Amino acid sequence: MAGYSPGVRLGNWAEEAALEQDRLRDFMRKRERGELLIQKINKLQDNLLKKVQLSVSKDGFVHFGDTVMLLNPDNKSSVENYSGVCGRLTLAINLGEIPMYSAKSLQAPCGVSAVESVDPVHRNTFCILSVDGGAVDEPIRFGQNFGLGTTGGFSDQMLYLASDYKSFVRFAKKSNLQQVFLTDELSYLTCWRATFLDPQLRLEYEGFPVPANSKIIITHCHTNRSLAVPRNFWTRSYFGKEYEVICHTYLDSHKAEEDKNYWVIVTGNPSDEDGTMIDRPNPHPGGIRKNEFHEET
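Keep in mind that what you see is a predicted model, and the values were worked out from it rather than measured.

**Things to note about the overall build of the protein chain**
1) Next: Along the protein chain, the regular secondary structure elements total four helices and 16 strands.
2) Next: Taken over 297 residues, the protein chain has a buried fraction of 41%.
3) Next: Roughly 17000 Å² of accessible area belongs to the protein chain as shown, and the carbon and sulfur atoms make up 51% of that amount.

Here it is as structure tokens:
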């Protein structure tokens, strides 16, 4: 009976060797061009998670052209909260696993979500845009329309925060309420306005500059519904567990917005390039004001 040593080649060995060489050359060519899947994912992830320096407000107001974070503050007072969702959340780009594996850059339409990270990166920072001819560095005012744009770390594109009325094909997947998303076209769907927090003083503050790092309401102009984080609906993204963002006005028994609708436009810390104003310590931790301090002394 004939025997075969390890050096004996059987079958279509020449074709298999040529095919293996072709696969290796194809792999080397894609690696040189940066077309491998792992390279695409790393590039997209590096851009989204790259640190961003927020704009510093010298007068305490928000201006057109500012780079800011949109923060939904801690709402421990809500009786619907449960462990893990009562902290501060920031508005961020939401990429599912399929877009993350298939896209070289951000593709419109793109989802948004609320994340627990409050460190400014390309993923959770937005630029305040003028939609009615307002000049850069001019403060935005209560009742004035503005846009919110983000590049996600890609300089050749900008996506705009948008919303539209709920329909059979467009709605928030978890809550079934009005969806919030990112689009690549500026239109009436991408217009927002800031509203003063206290409903009884809202008319008096109309036209006044919007203060930075203070609680406000952000309302969608076309649908007249406010940006909100219900916190009891969460979604799974490439980066983990995150919370659904919608447009819905939650009113309490006094017809005032609930803390689900509260937002803070966060600016940079002038004493720390990588910090934000929410990380800056309170100069009066005991709540003593300047005139009260003089009265005590």
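**Re the pattern of salt bridges**
1) Next: Evaluation of the coordinates by the stated rule reveals five salt bridges.
2) Next: Here Glu 20 and Arg 23 are joined by a salt bridge, their closest N and O atoms 2.7 Å apart. In this pair, Glu 20 and Arg 23 both sit in helix 1 (residues 13-33), three residues apart, roughly one turn of the helix.
3) Next: For Glu 20, a relative accessible area of 44% puts it in the partly exposed group.

**Let's talk about the packing of aromatic side chains**
1) Next: Inspection of the entire model under this criterion finds four aromatic pairs.
2) Next: Arranged with centres 6.5 Å apart and planes meeting at 85°, the rings of Phe 142 and Tyr 205 form a pair that is edge-to-face. Remark: Tyr 205 occurs in the loop between strand 8 (192-195) and strand 9 (215-220) and Phe 142 occurs in the loop between strand 4 (126-130) and strand 5 (145-150); sequence separation between them is 63 residues.
3) Next: Relative accessible area serves as the criterion here: at 32%, Tyr 205 is assigned to the partly exposed category.
4) Next: Ring centres of Phe 196 and Tyr 205 lie 3.9 Å apart, and the angle between their planes is 5°; this geometry places the pair in the stacked category.
5) Next: Lying over the aromatic face of Phe 181, Arg 170 brings its terminal NZ or CZ to 4.4 Å of the ring centre.

**Regarding the pairing of strand 9**
1) Next: Within strand 9, five of the six residues are buried, leaving the element largely enclosed by the surrounding structure.
2) Next: Pairing of strand 8 with strand 9, which is carried by four bridges, proceeds in the antiparallel orientation. Across the sheet, the residue bridging to Ala 194 is Ile 218, located in strand 9.
3) Next: Bridging between strand 9 and strand 14 (residues 262-266) involves three bridges; their strand directions are antiparallel.

**So, the nonpolar core**
1) Next: Counting residues in hydrophobic clusters, the biggest one holds 39 residues, and the most contacted among them are Leu 91, Phe 146 and Leu 227.
2) Next: Within the second largest apolar cluster, six residues are counted, among which are Leu 54, Met 69, Leu 71 and Val 266.

**Focus on a nonpolar patch on the surface**
1) Next: On the surface, a nonpolar cluster with roughly 250 Å² of combined accessible area is contributed by Leu 24, Phe 27 and Met 28.
2) Next: Looking at the element boundaries, Met 28 is found in helix 1.

**Overview of a negative patch on the surface**
1) Next: A contiguous patch of negative charge on the surface is contributed by Asp 119, Asp 272, Glu 273, Asp 274 and Asp 279.
2) Next: Along the chain, Asp 274 falls in strand 16 (residues 272-276).
3) Next: Of the residues examined, Asp 274 reaches a relative accessible area of 61% and is grouped as exposed.

**Section: unusual backbone geometry**
1) Next: Non-glycine residue Asp 137 carries a positive phi angle of around 75°.
2) Next: Relative to the helices and strands, Asp 137 is located in the loop between strand 4 and strand 5.
3) Next: Since its relative accessible area comes to 57%, Asp 137 is described here as exposed.
4) Next: Here Asn 213, not a glycine, exhibits a phi torsion of approximately 60°, which is positive.

Cut-offs and rules
- Counting of residues starts from 1 at the beginning of each chain's written sequence and follows it residue by residue.
- Local features in this predicted model are restricted to residues whose pLDDT is 70 or higher, and side-chain atom pairs enter the listing and the counts only when it is 80 or higher, whereas totals over whole chains, interfaces and linings include all residues.
- Water and hydrogen atoms were dropped before computing side-chain values, which therefore reflect all heavy atoms in the structure.
- The helix and strand labels rest on DSSP assignments: H or I over at least four residues marks a helix, E over at least two residues marks a strand, and numbering proceeds from the N terminus.
- Exposure is judged per residue with a 1.4 Å probe applied to protein chains only, and the accessible area is read against the type maximum: over 50% gives exposed, under 20% gives buried, and values in between give partly exposed.
- To measure how exposed things are, a 1.4 Å probe is used in the Shrake-Rupley method; for residues, cover is taken only from the protein chains shown.
- Put simply, a salt bridge is a Lys or Arg side-chain nitrogen that is within 4 Å of an Asp or Glu carboxyl oxygen.
- Aromatic contacts are taken between Phe, Tyr and Trp rings whose centres are within 6.5 Å, Trp giving its six-membered ring; a plane angle under 30 degrees counts as stacked, one over 60 as edge-to-face, and the others as tilted.
- Two thresholds decide whether a charge sits over a ring: the Lys NZ or Arg CZ must be within 6 Å of the ring centre and within 35 degrees of the ring normal.
- At least two DSSP bridges between two strands are needed for those strands to be called paired.
- Take the buried residues of types Ala, Val, Leu, Ile, Met, Phe, Trp, Tyr and Cys, join any two whose side-chain atoms come within 4.5 Å, and each joined set is a nonpolar core.
- Like charges are joined within 9 Å and nonpolar side chains (Val, Leu, Ile, Met, Phe, Trp, Tyr) within 5 Å, but only among residues with over 30% relative accessible area and no salt bridge; these make up the patches.
- We treat Lys and Arg as the positive residues and Asp and Glu as the negative residues; His and chain ends play no part in the count.
- In plain terms, the charge of a residue is placed at NZ if it is Lys, CZ if Arg, CG if Asp and CD if Glu.

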